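The chain contents come next:
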Amino acid sequence: LPGARLLTSSSRYDPAAELPADQATALIFYCANTQCSASDGAAARARNAGYRDVSVMRAGIAGWVEAGNATRAPSS
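Cut-offs and rules
- Residues numbered from 1 in each chain as written.
- Predicted model: local features only at pLDDT ≥ 70, side-chain atom pairs only at ≥ 80, totals over all residues.
- Heavy atoms only, no water.
- Helix = DSSP H or I, 4+ residues; strand = E, 2+ residues; numbered from the N terminus.
- Rg over C-alpha atoms; globule rule 2.2 N^0.38 Å.
- Buried < 20%, exposed > 50% of the residue type's maximum accessible area, 1.4 Å probe, protein only.
- Polar contact = N/O pair within 3.5 Å; in protein donor to acceptor, adjacent residues only side chain to side chain.

## Thoughts on the overall build of the protein
Counting its regular elements, the protein contains three helices and two strands. Moving toward the C terminus, one meets the helices and strands of the protein in the order α-β-α-β-α. Taken over C-alpha atoms, the radius of gyration comes to 12 Å for the protein, in line with the 11 Å a tight globule of 76 residues would show. Within the protein, the fraction of its 76 residues that count as buried is 25%.

What follows is the structure, encoded as structure tokens:
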């Protein structure tokens, strides 16, 4: 997804190091597909760190592609 960043771990990533400094930034977490729930844990971790605009894309990257959207390699 455009602007996507791969976290080091859905449950152990460091929000201060891996998420934008501005806690008002919109964040969207996603997994591979609807069978994965790691994005829920990652989103909860962001909310617990003070981020206010946090969403989960339930369909995951599979749903994104199925809807005809473009993909590219995640940025680091």
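## Some points on the environment of S9
Mapped onto the fold, S9 is located in the segment before helix 1 (15-18). In this structure, the C-alpha to C-alpha distance between S9 and A38, residues 29 residues apart in sequence, is 9.0 Å. Separated by 3.3 Å, the side chain of S9 and the backbone nitrogen of S11 make a polar contact. Side-chain polar atoms of S9 contact the backbone nitrogen of R12, separated by 3.1 Å.

Read these as layout, nothing more, since geometry by itself doesn't imply function.
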